[in-house]
Amino acid sequence: MLKNLFRRQKPKDNQPDISTLDRRPSEEVSPSPSEDSDFSSTADSINKKKSWFQRLTSGLSKTRKNLVTQIQGLLRIGRKIDEELLEEIEEILIQSDVGVKATMTLMDNVRDVVKERMIDESADLEAVIKEQIELMLGQDGQSVSIIHDSPHVILVLGVNGAGKTTTIGKLCHRFKSEGKSVLVAAADTFRAAAAEQLQIWCERSDTDLIRSDEGIDPASVVFDALHATQSRQVDVLIIDTAGRLHTKKPLMDELAKIGRVISREIPKAPHEVLLVVDGTAGQNAIIQANVFNEAVPVTGVAVTKLDGTAKGGVVIAIRQEIGVPIKLIGIGEQLDDLRDFVAQDFVSALFENDESSI
């Protein structure tokens, strides 16, 4: 499974400075309010009635304006497809946090398709770009799901402020709604109030939390949580970890120790190593992903805060840079605002006309 997951790797030269980094989808509508609901809370009612696709489309509006609208502006002026046009599109992609590597790969693929299909009108280019972005994002069909015998152990990584605590809270809600029993371990024992914040989210989903005093060895908290998980026959254990990238080596040593404890107590665990990245971080999110992935091979990525950023192109960049599937995306603060990532849904919402999403 994840054998040798936590074997330390030799540091690479010229590491980036991380000291400052602390088919249209189905309309699945949430249950409508009962007839005797208080309709004075109009905003809440409307939000609940919105389908996930509508909410995703709305959440990606800033990214759409920053990325897609600019590309569409180039394609709607009746230009022929030539190298100058393709280079202008490349520039927009790079400026929209798609990243140089992902942009070059995408546009090379677009050039190949244009040549193969003998496309010469710019108006036909948008469909090709959509198609190639979707192919780059992959059709893995992967999600954070319980496919192993209990207990299923999920190790959650990410820098402070990326949204780990919120993501864990939403995962608890998700698994509990599926009828699973869940336990959370607060293994970030160095950040002030980390356990308190996690406690709030656990209470919202009625999930038990294993915690200890601030400054305690995180591996000891994980050890206690593993034994509690087994004795209580819990289905899912979610482990929160520290995210102090400015102290990279101690953090990676700490994660390695946690990994050894997990695999000793539950063979083949952890079953999922989920990296949480902040969608508003842009290219810094790629640097963070690379740093974590080099030290602790990641099995999936959750991208948060996509509703508040124009840098959603980073989703494409992360997938291309570290080769790990995007498994979850978050577009809000509600418990059900964290969903499985589906490439077709994401690309369709990204290119959706604003008028049709109202």
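Since the structure is predicted, the reported quantities are computational estimates derived from the model, not experimental observations. (Residues numbered from 1 in each chain as written. Predicted model: local features only at pLDDT ≥ 70, side-chain atom pairs only at ≥ 80, totals over all residues. Heavy atoms only, no water.)

Asks: Help me understand the nonpolar core in this model?
Replies: Nonpolar side chains in soluble globular proteins generally cluster together in the buried interior. By size, the foremost hydrophobic cluster in this structure holds 109 residues, and its most contacted members are I89, L125, I238 and I318. Setting aside anything within four residues of it in sequence, one finds I238 in contact with I154, V156, I168, L171, C172, F175, V182, L183, V184 and A185. (Core = buried A, V, L, I, M, F, W, Y, C linked by side-chain atoms within 4.5 Å. Buried < 20%, exposed > 50% of the residue type's maximum accessible area, 1.4 Å probe, protein only. Contact = heavy atoms within 4.5 Å.)

Asks: Just checking my understanding: could you explain the sheet that holds strand β5 (residues 272-278) for this structure?
Replies: Sheet strands pair by backbone hydrogen bonding; their relative direction is either parallel or antiparallel. With respect to topology, eight strands assemble into an open sheet ordered β3-β2-β4-β1-β5-β6-β7-β8, the strand pairing being mixed. The open sheet has two free edges, formed respectively by β3 (208-210) and β8 (338-340), since each of these has just one partner strand. The average angle at which neighbouring strand axes cross in this sheet is 25°, direction not considered. As paired elements, strand β6 (residues 300-304) and strand β7 (residues 326-330) share three bridges and run parallel to each other. (Pairing = 2+ DSSP bridges. Helix = DSSP H or I, 4+ residues; strand = E, 2+ residues; numbered from the N terminus. Axes fitted to C-alpha atoms, helices over the stretch in contact; angles between N-to-C directions.)

Asks: What am I meant to see in the pairing of β6 here?
Replies: Regular strands have side chains that alternate between both faces of the sheet. The element β6 is extensively covered by neighbouring structure, given that five of its five residues are classed as buried. Neither face of β6 is left uncovered, since the one carrying G300, A302 and T304 and the one carrying V301 and V303 both have all their residues buried. Of the pairings in the sheet, the one linking β5 to β6 comprises five bridges and is parallel in character. Among the inter-strand pairings, L274 is bridged to a residue of β6, identified as G300. Chirality of the crossover, the property in question, places the unit of β5, helix α11 (residues 283-295) and β6 among those that are right-handed. (Right-handed = clockwise from strand over helix to strand, strands pointing away.)

Asks: Sorry, what's going on with the packing of helix α5 (residues 100-117) against helix α6 (residues 125-137) here?
Replies: Packed helix pairs are characterised by how far apart their axes lie and by the angle those axes make with each other. In contact at an axis separation of 9 Å, α5 and α6 are set at 130° when each is read in the N-to-C sense. The angle between α5 and α6 falls in the class oblique. Between α5 and α6 the crossing geometry is right-handed. For the pair α5 and α6, the contacting residues are A102, T105, L106, N109, V110, V113, V114 and R117 in the first and L125, V128, I129, E131, Q132, I133 and M136 in the second. By residue class, the composition of the contact of α5 with α6 is ten nonpolar, three polar and two charged. (Parallel < 35°, antiparallel > 145°, perpendicular 65-115°, else oblique. Left-handed = near helix turned anticlockwise from the far one by under 90°. Nonpolar A, V, L, I, M, F, W, Y, C, P; charged D, E, K, R; others polar.)

Asks: Could you clarify how one ought to interpret the side chain of K164 in this entry?
Replies: If you trace the backbone, K164 turns up in helix α7 (residues 164-177). Apart from residues lying up to four places away in sequence, K164 is in contact with V156, L157, G158, V159, D240, T241, A242, G243 and V276.

Asks: Would you explain α11 in this entry?
Replies: Turn by turn, an α-helix covers 3.6 residues, leaving residues three or four places apart pointing in a common direction. Over its 13 residues, α11 extends 19 Å from the first C-alpha to the last, a length consistent with the 18 Å expected when each residue adds 1.5 Å. Check the buried side of α11 and you find it contacts β1 (152-157), α10 (248-265), β5 and α12 (314-322). (Expected span 1.5 Å × (residues − 1).)

Asks: Teacher, can you tell me more about the environment of I129 here?
Replies: Summarising the element assignment, I129 is placed in helix α6. On the basis of relative accessibility, which here comes to 1%, the residue I129 falls in the buried class. The contact partners of I129, leaving out residues within four places of it in the chain, are I71, I89, L106, V110 and F351.

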